[in-house]
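# Structure at a glance
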Amino acid sequence: MTYDFLIIGGGIAGISAAARLSSLGSVLLLESEDQFAHHASGRSAALFEPSYGLPPVVALSRASEAHLRHEDGGVLSPRGLMMVAGPEEKDAFEKDAAGMELAPLPVEEARQIVPILNPETVAHTALADHAWDIDTDLLIQNFLRTARDNGAEALTRAPATAIAREGGQWRVDTPQGRFAARALVNAAGPWAGQVAAMAGATKISFTPYRRSMARIPAPGGHDISAWPMIFGAGETWYAKPDAGALIVSPAEEHAMDPHDAWADDMVLAEGLARYEERVTEPVTRMLANWAGLRTFAPDRVLVIGADPTVSDFFWTAGQGGYGFQTSAGASQLLADLVAGRATALEADIVAALSPSRFG
């Protein structure tokens, strides 16, 4: 069988692309691991903050909001954002608070919301309510259900080992067999550059960056379910309630080769120390830790659209830390471009996302 679309990569980018493209033709989705959304998609902080990122990213996030809020009952729940800073971090605090549209808040009022904030080390706080938790598992399942209801097929344990174009079709070899398609979609996350190289597509220098997480018990036995996500100024750490516990990240960006990432103990310790400096409750133990790779194009903007040099090769890659919150808008843009129809995004935004910007 020759599929209309073969998608390489079963994270949120590939899964959402499968849902959108399945209304345009037959789809095969290939994931190299034992399960979908195993790598970066399975290790996300899962926050929708529509003003986060560069203008093309913000445009995609805003284009995703209605879907995330309403489709299939919605996947968003209120969370909010709080920024905290020490007296020496005033400049970074004011820059971040302005960029994220946070309103200044007296420290005393912030402590009424998050009582573990240390009044001796926290000198500046700001708050906003325009951030929501994303039920990432539900979003993934919704997109997969849509794809399958439209007849899409999906395979795990099927990494692409060779790619060739023959007779106007793409041929992709995997351990589970050889598959053919009229169009190829590169949604391979950290491996997007490798997939492009196998296909002879435009060379784009993606960089995967590790980000680590530690899960700790609720500090001081507090009910933290209504706490906002908390950022240190300059995004030197962040903390977020998670199913009765707290996840704390050093917010590091360490360049890595594509791989199944794991947390570095020293990096976690340094990040937890920065968090502890701003709170009154010490970290006594970790419940778990993990890491994921956030993969960026050189300009830190997603890459979506047709390859400028290779026929019927499409990109949806470079999601960085924005994959879930842009997924609905990004996949809709991809489907619109593939179908040759008008998009809801401005032409300059579409151009800023296009792989053509790299040659």
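What counts and how
- Residues numbered from 1 in each chain as written.
- Predicted model: local features only at pLDDT ≥ 70, side-chain atom pairs only at ≥ 80, totals over all residues.
- Heavy atoms only, no water.
- Salt bridge = Lys/Arg side-chain N within 4 Å of Asp/Glu carboxyl O.
- Helix = DSSP H or I, 4+ residues; strand = E, 2+ residues; numbered from the N terminus.
- Buried < 20%, exposed > 50% of the residue type's maximum accessible area, 1.4 Å probe, protein only.
- Arc of directions from axis to C-beta.
- Contact = heavy atoms within 4.5 Å.

By the naming in an unreviewed UniProt entry, the chain is NAD(P)/FAD-dependent oxidoreductase, taken from Acidimangrovimonas pyrenivorans.

Going through the model one piece at a time under the given rule, you end up with 19 salt bridges. For Arg-211, the salt bridge goes to Glu-235, with nearest N and O atoms at 3.2 Å. Taken together, the residues span a long stretch of sequence, with Arg-211 in strand E13 (residues 207-217) and Glu-235 in the loop between strand E14 (229-232) and strand E15 (238-242) at a distance of 24 residues. The exposure class assigned to Glu-235 is partly exposed, which follows from its relative accessible area of 23%.

Attention shifts here to helix H3 (residues 90-99). An α-helical segment advances 3.6 residues per turn. Residues three or four places apart therefore align on the same side. Residues Phe-93, Asp-96 and Ala-97 constitute the buried set of H3. Taken down its axis, H3 places every buried residue within 100° of arc, on the same side. In H3, the exposed residues that point more than 90 degrees away from the buried face are Asp-91, Lys-95 and Ala-98. Its buried side turned inward, H3 meets strand E5 (81-85) and strand E7 (124-128).

Ala-192, Val-195, Ala-196 and Ala-199 are the residues of helix H6 (residues 192-199) that are buried. Buried residues of H6, viewed axially, fall in a sector of 100°; they line one side. Residues of H6 that are buried make contact with strand E1 (2-8), strand E10 (162-166), strand E11 (169-174), strand E12 (177-186) and strand E20 (313-317).

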